[in-house]
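# Coordinate analysis (summary)
If you want the building blocks of each chain, they are given just below.
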Amino acid sequence: MEYSVDIVIPVWNRPVEVRSCLASLACSSPNARIIMVNCCSERETERILDEFAELLDDRAMLVSTQRNVGRVAAINHGLSLASAPLVLLVHDGVVAFPGWLEPMVDAMGTNPDIGLLIPAKNGKGKSTHGMRRALLETDHGSLGVMMVRRELYASIGGFDADMDGDLWCLRDYSRRAERAGFRTARTESCRLDYAEPQQLGSLQRQEERLRRGAQLYLERWGEQRSYCFLFLGEGAADGADDLLRSVMTAARQGSRILILADKKNAVKLVCHESSLLHDGIVIETLPPIFTARAARRRLEMLRASSHDMVMVDLSGSGDTGGASPHEFIAATESRRQRHYFPGEGG
Amino acid sequence: MLKIFDYLFGMFSNDLAIDLGTANTLVYLKGKGVVIREPSVVAVQKMNNGQQKVLAVGMEAKKMLGRTPGNITAIRPMKDGVIADFDITEEMLRYFIHKVHNRKTLVRPRIVICVPSGITQVEKRAVKESAESAGAREVYLIEEPMAAAIGAGLPITEASGNMIVDIGGGTTEVAVISLAGIVYTKSVRVGGDKMDEAIVQYIKRKYNLLIGDQKAEAIKIELGEAYPGNGVRSMEVKGRDLVSGIPKTHEINSDEIRDALSEPVNAIVDAVKICLERTPPELAADIVDKGIFLAGGGALLRNLDILLREETGLPVFIAEDPLSCVVLGSGKSLDELNLLRSVAVSS
């Protein structure tokens, strides 16, 4: 039987949570197959997995690793077994509810260039499927709940188990996805209350892992940049299509973008075809009176607090002392082509 | 005066004997025999405030699992023959007492509860208090080997030594009994459950096939043996292939299962040998004459008696109804109050 979604859940002990999670998945995801990857759990948890495997029959796959390989490797193993066009990664702390999958499946269906999709977090567990909510792009997914397009996995392979298994690993995967032409997004049409998987090990070890992950990311993708744009005056946003497309590209590359704009320009920017709906892009609307003075003050504050922020001067006057739009576009394009990353299609 | 009331109350009360086993709980009702035989399982639901709510006990609890979604878990309050959770044990006792006891009578029952021989004073008091709060008028505790010996019909009140091996779900207790007292006892945390577990692990290691506990128990009953018998039996086993993740069937035979059971079985044999070594020679001589008696569900393992005979050189016998020995023995003691008072342990 062909399933539209394969749900991959790596398991290592936590029998109470595993039971709750599997019970909720079994009830609320009737068209999905559940792939349980057992990482050498104790017998109590293994019994629960066996119980659900028997209950679900063909709707379940239960595999075991020879040793505890860790969460990322277990997820990669699950991904390698999946055959459905969409693969949902879930950790055992998640409790699903009826109708939770459909908004994500719909969003993936109507946006074929989205490779990674996560639900909005800390909601009340109600799906707002049917309501028109935007997809917001983000620079990384989540190992708590994330839908992966199988086509993307086939193109770039699994997650890098050498990284931290957390933020940098996810950012790296999103960057690789972006290089393969896929976006990472969050859908507001499905809200789910879930926690990120707990990181194990001492605080020192966790910090060391984060540092190593950040270092690896830096070596592969270069430094993350921050840019500030000022859209002031009549028509500032008109004709800036190339620039705004580059802004989206830069955000997808992990750059942080701050756009200061007066109200009219802010409205135009939000309605632009590039949508600029990305976690990494913040549009600050300047006050309607004494706008120029407010802009100057804001820029002074930013220069004082963020030394690495690059001001992009749209006026061409050189007043901001930063880069020109042309330089920004060139730099973005160069970053897109220049950096090496290993293991594609693995 | 109190003795007269006791006698009068005894005429109307529905006295009970309860064998609180790791795997199963049996209840004997005076005059009726074994009326309950249910798994020692409690289904609980974890509430938001962290407390646990008991949803079902026994067979109902076992049926609930795997069928009802949510945060319902199974708890076995008796683990390896030890009370792991007193609150849940009390709930379980309350359930079985209420299920059996005729609430129409005004008199609360006298209850005999079988406990493992290594039980501590604190645990004894806890079990007594649990039973009393569950509705008992009087509570007597009998050690399981003693109850098993009574149930097996051994002359425990005589001076001569009797050896009983009670192989339960969680533990195996080997005891030498004389003059209504346990002279020496050795307990090991190996029983039917460990045998099932050994079968699960063997099949997992050899065939990368995961089977459930119930299947393992069925294999143990069908193919399990402690000593080679006549011919090799085989059966098909369905489990989950842990490499491909999908259901798969495999044929296994009795030779393999004997191999799988060798570790737990040898642990039981070792316990018997140690007990024999440490028994006073006078009593050991009695045991040589009378033999060793096997009781409990584990006694039904094919050719276990033959293996023990080979290893010890002594006659080995299996009690008539090994599964019910303990509770039948406790029930017998209900009918003979003097016997009960002599064998009961004090808290």
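Since we're looking at a predicted model, the values are computed, not measured.

### So, the sheet that holds strand β10 (residues 138–143) of chain B
Paired through backbone hydrogen bonds, the strands of a sheet run either parallel or antiparallel to each other. All names here are of chain B. Pairing is mixed in the open sheet, where five strands are placed in the order β3-β2-β1-β9-β10. The open sheet has two free edges, formed respectively by β3 (33–39) and β10, since each of these has just one partner strand. The mean angle between the axes of side-by-side strands here comes to 20°, regardless of whether they run parallel or antiparallel. In this structure, strand β2 (residues 24–29) lies alongside β3, joined through six bridges in antiparallel fashion. In the strand pairing of β3, V27 is matched with I36. Relative to β10, helix α4 (residues 121–133) is tilted by about 140°, and along the sheet it contacts β9 (110–115) and β10. Packed on one face of the sheet, helix α5 (residues 144–151) meets β9 and β10 and runs near 85° to β10.

### What about the domain arrangement of chain B?
Many structure descriptions define interface size as the accessible area lost when the parts assemble. Residue and element names in this part refer to chain B. As far as domains go, chain B holds domain 1 (2–37 + 80–147 + 326–343), domain 2 (41–75), domain 3 (159–190 + 265–322) and domain 4 (192–261). With 17 residues of domain 1 at the contact, the number on the domain 3 side is 16 residues. Tallied by class, residues from the side of domain 1 that touches domain 3 come to seven nonpolar, seven polar and three charged.

### Things to note about the interface of chain A and chain B
Counting residues at the interface gives 20 residues for chain A, matched by 16 residues for chain B. For the side of chain A that touches chain B, the elements supplying multiple residues, two or more each, are α1 (15–28), α2 (43–56) and β3 (60–64) of chain A.

### A word on the environment of A84 of chain B
All names here are of chain B. Residue position: A84 is located in the loop between β8 (82–83) and α3 (86–100). Given 13 C-beta atoms within a 10 Å radius, A84 is considered partly exposed. Non-local contacts of A84, meaning those with residues more than four positions away in its chain, are made with P77, M78 and K79.

### Side note on the domain arrangement of chain A
All names here are of chain A. Domain parsing of chain A yields domain 1 (5–218) and domain 2 (226–338). The C-alpha-based centres of domain 1 and domain 2 are spaced at 34 Å. Listed per partner, the contact involves 10 residues of domain 1 and seven residues of domain 2. Split by residue class, the side of domain 1 that touches domain 2 holds three nonpolar, one polar and six charged.

Cut-offs used in this document
- Residues numbered from 1 in each chain as written.
- Chains lettered and ligands numbered in written order.
- Predicted model: local features only at pLDDT ≥ 70, side-chain atom pairs only at ≥ 80, totals over all residues.
- Pairing = 2+ DSSP bridges.
- Helix = DSSP H or I, 4+ residues; strand = E, 2+ residues; numbered from the N terminus.
- Axes fitted to C-alpha atoms, helices over the stretch in contact; angles between N-to-C directions.
- Contact = placed C-beta atoms within 7 Å.
- Domains from an automatic or database assignment.
- Nonpolar A, V, L, I, M, F, W, Y, C, P; charged D, E, K, R; others polar.
- Buried ≥ 20, exposed ≤ 12 C-beta atoms within 10 Å, placed from the backbone.

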